[in-house]
Amino acid sequence: MSSFDEMDAFEGASLSARAMAARPSRYLNDLNPAQREAVETLDGPLLILAGAGTGKTKALMARVAHLITMQRARHDQILAVTFTNKAAREMQQRLARTPFEINGPVRWMGTFHSISAKLLRRHAELAGLKSNFTILDTDDQIRLLKQLIRAANIDDKRWPARQLAGIIDGWKNRALTPSKVPAADAGAYNQRGAELYAQYQARLRELNAVDFGDLLLHVVTIFQAHPDVLEQYQRWFKYILVDEYQDTNVAQYMWLRLLAASHKNICCVGDDDQSIYGWRGAEVGNILRFEKDFPGAHVVRLEQNYRSTPHILAAASGVIDGNKGRLGKTLWTEAQDGEKVRLIGHWDGEEEARWIGEEIEAMQKGTRGMRSVSLDEMAILVRASHQMRAFEDRFLTIGLPYRVIGGPRFYERLEIRDAMAYFRCVVSPDDDLAFERIVNTPKRGLGDKAQQTIQATARANGVSLIDGAALAIEQGLLKGKGAKELGKLVVDLARWGRMAGDDDLTHMELAEIILDESGYTGMWQNDKTPEAPGRLENLKELVKALENFDNLQGFLEHVSLIMDNETDDGGAKVSIMTLHAAKGLEFPAVFLPGWEDGLFPSQRSMDESGVKGLEEERRLAYVGITRAEEICTISFAANRRVFGQWQSALPSRFIDELPEEHVDVLTPPGLYGGGYGAAGMGGSSGIEQRAADANVYNSPGWRRLQERSAQRPVSQPRETRNTVIDLQAVSSFETGERVFHQKFGYGSIIGIEGDKLEIAFEKAGTKKVVASYISAADDIPF
DNA sequence: GATCTGTTCGCGGGG
DNA sequence: CGAACAGATC
């Protein structure tokens, strides 16, 4: 195995003198006793139960340093697995900052998926694949399933492809290949789930492609079927570290057990209270079972919290106490005082966003009676990504800089996906899905009929679509302009493929050649729509992004596994993200909006998984609160737009679980029944009692609210208020005026219709936008 | 074969 | 309300 030669080359290398000279004390000194125990217990199975904010990553990094210093393993013999890319990146950065010379990169540090991809490329043939296989994303997966579903004569309206994808993912998470699907699951997807799963796997193999689940599944299957391969890795990875162990699913668990089976030098860090990925197959049981699976396992508890104030910690504990069957940890802190968790109710989601926007500005200015807080130190954590929109809209209006983490991603844009489909066709010619995507983009005069002919020819000859297309032309099945254009495309793809091996050509140049010669760039240049310039801009960015990679293939792999866009102009911004994405992060000030029953806890979660689902939602609440260092603000709205329709909701049941003595209710009692925050809120929520507490009137929040009320009377009906605002917005603009829009840039007004302005933007073309998004050009809100 | 228009359905989270 | 899709129309 040539891949192993590379590894073996390291076998003889000795540790550098510098690494040997490093003294452990440098990184052990500032650890507390529990952390130190976690670091110094090097051999055998170790479970670190690390509560939120207890210095888990710090301990893990010290452990890596210690393993290397004590010469138990070299930097590249340590396998460090995380769950998310963010966690992996964080570790890499922390390790780089560790005051310790590690003598080389910890190469095997990454997510389960990225490490699996690396392993699978080395042994692809054992899974019936070629090493240049494509990693399909969810979109591709659904499209492929849809094709199979239609071929099987199933009505994909009644039995959506998404549903089947979910079922198959579930099986893969449990490490079940098609032949191992249990009889109990036979009824899945109208009795035909297992059958379609088998077809899907066969089709993936034909396409030389894998989906995310396959990355894990294939590796586990290979390890099971080829003990010799497994043994090589067991010997190579002398020590295994696993972060967020509570989130591992069955497949990942098997993956780890196989690798750790011989030496059992496995160290898992986790917190059962932060298990929030049950929906994708994570088994809290894995962490609860650790001591059984690895007899003689050492367990260390990290319980001293260095992150949050006592009030925040107490509030989080109060909520999580509602869960049964916890391993149980008692977080404590030496920190004193601090502000209570703040709670406020709003009339609707827009009001909530407006209030949070104002709060953020106040905190930034330091008018909150404390130091001024930078935008970088604030975050808004939502349950579902669609909640982000209200904040984006509001922040665009008031010109508050924000960044969305894990939101609509660069690599999911149409033009980027198209461009990457071209690259995929060049790198792996069997990738039919990519070919389908680009065969008639730009338009080559190949409609449904022509594409069906290509499909049929390919299938009849058992070849890929590209080869099928070539055959169809040869056999004269296609005629005219379409045939000519298609012939050119096929020849070009092959030619670009050869150029990929050309050393005189960088892959950036190749990418540009592909996009230009295919006519893809030209297509957007000729496009008159206002989006076109932006898309060309994005394509340029794409090519620029290639610089960081050795070749197109490496880039494609990165994209399919990472998919996030880290371009940032460096200015301070408020972060907006989901609660799931926030795990592992911390912020001085955290806002937790949308605490309404049905939204959070999510109705769907409770319907699907009952008490288990509710407990997972509760852990999510716990994760949310414990992200906060100094100020945690929870809010809820009585009314919210769902699918364009107004719906009212009760405050979240989790709000009742917040211990009263650690909460500061900002909603003034006088407003109850006044139509401001009362509608739809149950009297049993406990809010009223708390609000009636006399000290509420003296709280900073209450005073602030009074001040605000003076500026804008809260008793005024909402409709009136809105009308006033809209009129102000409209009346302040005139035709011909030069204005600015956060997204579209500068432009001038060419028409006014009610609250909508028609504006000719200098860069983005003519658009109709709502007046509230616009500011006068000389009044840019920054 | 491309483009336009109307209809439907959905928004839980990530690799 | 918006995206995705299907069918109708050019």
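Rules used in this analysis
Residues numbered from 1 in each chain as written. Chains lettered and ligands numbered in written order. Predicted model: local features only at pLDDT ≥ 70, side-chain atom pairs only at ≥ 80, totals over all residues. Heavy atoms only, no water. Helix = DSSP H or I, 4+ residues; strand = E, 2+ residues; numbered from the N terminus. Buried < 20%, exposed > 50% of the residue type's maximum accessible area, 1.4 Å probe, protein only. Contact = heavy atoms within 4.5 Å. Areas by Shrake-Rupley, 256 points an atom, 1.4 Å probe, with all protein chains shown as cover. Phe/Tyr/Trp six-rings, centres within 6.5 Å; stacked < 30°, edge-to-face > 60°. Lys NZ or Arg CZ within 6 Å of the ring centre and 35° of its normal. Near = heavy atom within 4 Å. Polar contact = N/O pair within 3.5 Å; in protein donor to acceptor, adjacent residues only side chain to side chain. Nonpolar A, V, L, I, M, F, W, Y, C, P; charged D, E, K, R; others polar. Expected span 1.5 Å × (residues − 1). Pairing = 2+ DSSP bridges.

Participant: Mind showing me how you'd approach the overall build of chain A here?
Facilitator: Helix and strand counts for chain A come out as 33 helices and 21 strands. Taken over 782 residues, chain A has a buried fraction of 53%. Of the contacts made within chain A by residues no fewer than 6 positions apart, 75% connect residues no fewer than 24 positions apart. Carbon and sulfur atoms provide 50% of the accessible area of chain A, an area that totals close to 34300 Å².

Participant: Is there a simple way to think about the packing of aromatic side chains in this case?
Facilitator: Two aromatic rings are characterised by how far apart their centres lie and by the angle between their planes. According to the stated counting rule, one finds 19 aromatic pairs in the structure shown. When the ring of W108 is compared with that of F237, the centres are 5.1 Å apart and the planes differ by 75°; the resulting orientation is edge-to-face. Note that W108 is positioned in the loop between helix 6 (85-97) and strand 3 (109-111) and F237 in the loop between helix 12 (227-236) and strand 6 (239-242), a separation of 129 residues in sequence. In this structure, W108 and F237 share a single accessibility class: buried. A network of ring pairs unites the aromatic residues F83, F112, W255, Y277 and W279 as a single cluster. For K118, the ring lying beneath its charged end belongs to W108, and the centroid distance is 4.3 Å. The ring centre of F294 lies 5.5 Å from the NZ or CZ of R257, which sits over that ring.

Participant: Just checking my understanding: could you explain the environment of L381 for this structure?
Facilitator: Mapped onto the elements of the fold, L381 is located in strand 10 (residues 378-382). On the basis of relative accessible area, L381 is assigned to the buried category, the value being 1%. Along the primary structure L381 and I625 are separated by 244 residues, whereas in three dimensions their C-alpha atoms are 9.6 Å apart. Residues contacting L381, with those up to four places away along its chain left out, are M577, L579, A582, V590, F591, L592, P593, G624 and R627.

Participant: Sorry if this is basic, but what is going on with the protein's contact with DNA strand C here?
Facilitator: All residues adjacent to DNA strand C are K146, R150, R389, F643 and G644. Here, DNA strand C places atoms within 4 Å of the protein, and 50% of those atoms are sugar or phosphate. Taking K146, its side chain carries an N or O atom lying 3.4 Å from a phosphate oxygen of DNA strand C. In this structure, a phosphate oxygen belonging to DNA strand C sits 2.9 Å away from a side-chain N or O atom of R150. Split into classes, the residues belonging to the surface near DNA strand C amount to 1 nonpolar, 1 polar and 3 charged.

Participant: Which parts of the structure should I look at to understand helix 23 (residues 480-499)?
Facilitator: Since one α-helical turn is 3.6 residues long, residues separated by three or four positions face the same way. In a regular helix each residue adds 1.5 Å, so 20 residues correspond to 28 Å; helix 23 covers 29 Å between its end C-alpha atoms and thus fits that length. Within the sequence span of helix 23, burial applies to G482, A483, L486, G487, L489, V490, D492, L493, W496 and M499. Each element contacted by the buried residues of helix 23 is listed here: helix 19 (414-427), helix 20 (432-438), helix 21 (448-461), helix 22 (465-474) and helix 24 (507-517).

Participant: Please explain the protein's contact with DNA strand B as it appears in this structure.
Facilitator: In the vicinity of DNA strand B there are 30 residues, among which S385, H386, R604, S605 and E608 approach most closely. Counting only the atoms of DNA strand B that lie within 4 Å of the protein, the sugar and phosphate share comes to 42%. One of the side-chain nitrogen or oxygen atoms of R383 is found 3.4 Å away from a base nitrogen of DNA strand B. By residue number, the principal contributor to the surface near DNA strand B is helix 29 (residues 603-626), which donates 4 residues. By residue class, the composition of the surface near DNA strand B is 7 nonpolar, 15 polar and 8 charged.

Participant: Is there a simple way to think about the pairing of strand 14 (residues 628-642) in this case?
Facilitator: As a general feature of sheets, a regular strand has side chains that alternate between the two faces. Taken across its 15 residues, strand 14 has 12 buried, putting it largely inside the fold. Relative to strand 14, strand 9 (residues 341-348) is paired through 6 bridges, and the arrangement is parallel. Paired with R342 across the strands is T633, a residue of strand 14. Sheet topology note: the strand 13 (residues 587-592)/strand 14 ladder contains 5 bridges and is parallel. Within strand 14, the position partnered with L592 by the bridge is I634. Taken together, the 4 bridges between strand 14 and strand 15 (residues 645-648) define a ladder with antiparallel strand orientation. Bridge pairing in strand 15 links R641 to W646. Between the antiparallel neighbours strand 14 and strand 15 lie 2 residues, among them F643 with a positive phi of about 55°.

Purely geometric stuff here, so don't read any function into it on its own.
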